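What the coordinates show
Here is how the chains run, residue by residue.
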Amino acid sequence: NAGVTQTPKFRILKIGQSMTLQCTQDMNHNYMYWYRQDPGMGLKLIYYSVGAGITDKGEVPNGYNVSRSTTEDFPLRLELAAPSQTSVYFCASSSTILYTFGSGTRLTVV
Amino acid sequence: AQSVTQPDIHITVSEGASLELRCNYSYGATPYLFWYVQSPGQGLQLLLKYFSGDTLVQGIKGFEAEFKRSQSSFNLRKPSVHWSDAAEYFCAVGFYNTDKLIFGTGTRLQVFP
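Right, let's walk through the structure included here. (Residues numbered from 1 in each chain as written. Chains lettered and ligands numbered in written order. Predicted model: local features only at pLDDT ≥ 70, side-chain atom pairs only at ≥ 80, totals over all residues. Heavy atoms only, no water.)

A word on the interface of chain B and chain A
Contacts between chain B and chain A engage 22 residues on the former and 20 residues on the latter. In this assembly, chain B packs against chain A so that about 1,500 Å² is buried in total across both faces, 63% of it on carbon and sulfur atoms. If you sort the residues of chain B by the area they bury against chain A, Asp 99, Lys 100 and Phe 103 of chain B come out on top, with a joint share of 38%. On the surface where chain B and chain A come into contact, there are zero salt bridges. Linking chain B with chain A are three residue pairs in polar contact (both at pLDDT 80 or more). Of all the secondary structure elements, the ones that give two or more residues to the side of chain B that touches chain A are strand E5 (32-38), strand E6 (44-50), strand E10 (87-94) and strand E11 (101-103) of chain B. Residue composition of the side of chain B that touches chain A, grouped by class: 10 nonpolar, eight polar and four charged. (Contact = heavy atoms within 4.5 Å. Buried area = accessible area lost by both parts, 1.4 Å probe. Salt bridge = Lys/Arg side-chain N within 4 Å of Asp/Glu carboxyl O. Polar contact = N/O pair within 3.5 Å; in protein donor to acceptor, adjacent residues only side chain to side chain. Helix = DSSP H or I, 4+ residues; strand = E, 2+ residues; numbered from the N terminus. Nonpolar A, V, L, I, M, F, W, Y, C, P; charged D, E, K, R; others polar.)

Written out as structure tokens, the structure is:
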């Protein structure tokens, strides 16, 4: 059972480039989330989804977009990368508030 | 304002010593309470959770936590720390009817031999 799979694990982007962080879960969870983790700041919710076709903003959505076309996939899109988006990104899914996290994507914008 | 506070940013203990990590929350109702651990380069793993009932909960890896309503606290404890416990620990709160969690800022635990 793979759980939550994130790709890539590492990425370096130039300012203004775009990319998609992939997230897939195989537990049939309705809820999925994207968090970013910055040193000393804990985890901040970027976007979340309560099911296929339904997404909503979290605490820090600016500069990001998401889609949820299937239960399994919840990609996070960065359209115009900025240095402030340098962070570690975690995808998670949940069932009855029990979360499973992916192993993270470390993104550096230079 | 609603918040989850972990007042200790960094804690250092000797191997074999006892450990207590603090967590306080500020919400009107009693939330669901969680502790997660994050090893370097890894995602978060659930240590334990409190939903209701017995206020002392046992988790994995020998950890326990006690919910104290009067203090709005959910402190994590371990009687004897092992070097492998070095990691970052996050307290989180959640609420009935929503799956969203709010995380504290984390406590980094360093263990000396």
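A few points about the pattern of salt bridges
Residues and elements named next belong to chain B. What the rule picks out here adds up to eight salt bridges over all chains. Where Arg 77 meets Glu 66, a salt bridge forms, and the shortest distance between an N and an O atom there is 3.1 Å. Of this pair, Arg 77 sits in strand E9 (residues 73-78) while Glu 66 sits in strand E8 (residues 64-68); the two residues are 11 residues apart in sequence, bridging distant segments of the chain. With relative accessibility at 22%, the residue Arg 77 sits in the partly exposed group. In this structure Glu 66 comes out as partly exposed when scored by relative accessible area, which is 23%. Taken together, the shared-partner salt bridges in this structure form one network comprising Glu 64, Glu 66 and Arg 77. (Buried < 20%, exposed > 50% of the residue type's maximum accessible area, 1.4 Å probe, protein only.)

What to know about the nonpolar core
Among the nonpolar cores identified, the biggest contains 27 residues, and Trp 35, Leu 48, Phe 74, Leu 76 and Tyr 89 of chain B are the most heavily contacted of them. The biggest single contributor to this core is E10 of chain B, with four residues. Of all hydrophobic cores here, the second largest spans 19 residues; its members include Val 4, Met 19, Cys 91 and Leu 107 of chain A. (Core = buried A, V, L, I, M, F, W, Y, C linked by side-chain atoms within 4.5 Å.)

Brief notes about the sheet that holds strand E7 (residues 64-66) of chain A
Residue and element names in this part refer to chain A. Ordered by their spatial adjacency, four strands build an open sheet running E1-E3-E8-E7, and the pairing between neighbours is antiparallel. A strand with exactly one partner marks an edge of an open sheet, and here the two such strands are strand E1 (4-7) and E7. Ignoring which end each strand starts from, the neighbouring axes of this sheet average 20° apart. Judged from the three bridges that link them, E7 and strand E8 (residues 76-78) form a sheet pairing that is antiparallel. Across the sheet, Asn 65 pairs through a bridge with Arg 77, a residue of E8. (Pairing = 2+ DSSP bridges. Axes fitted to C-alpha atoms, helices over the stretch in contact; angles between N-to-C directions.)

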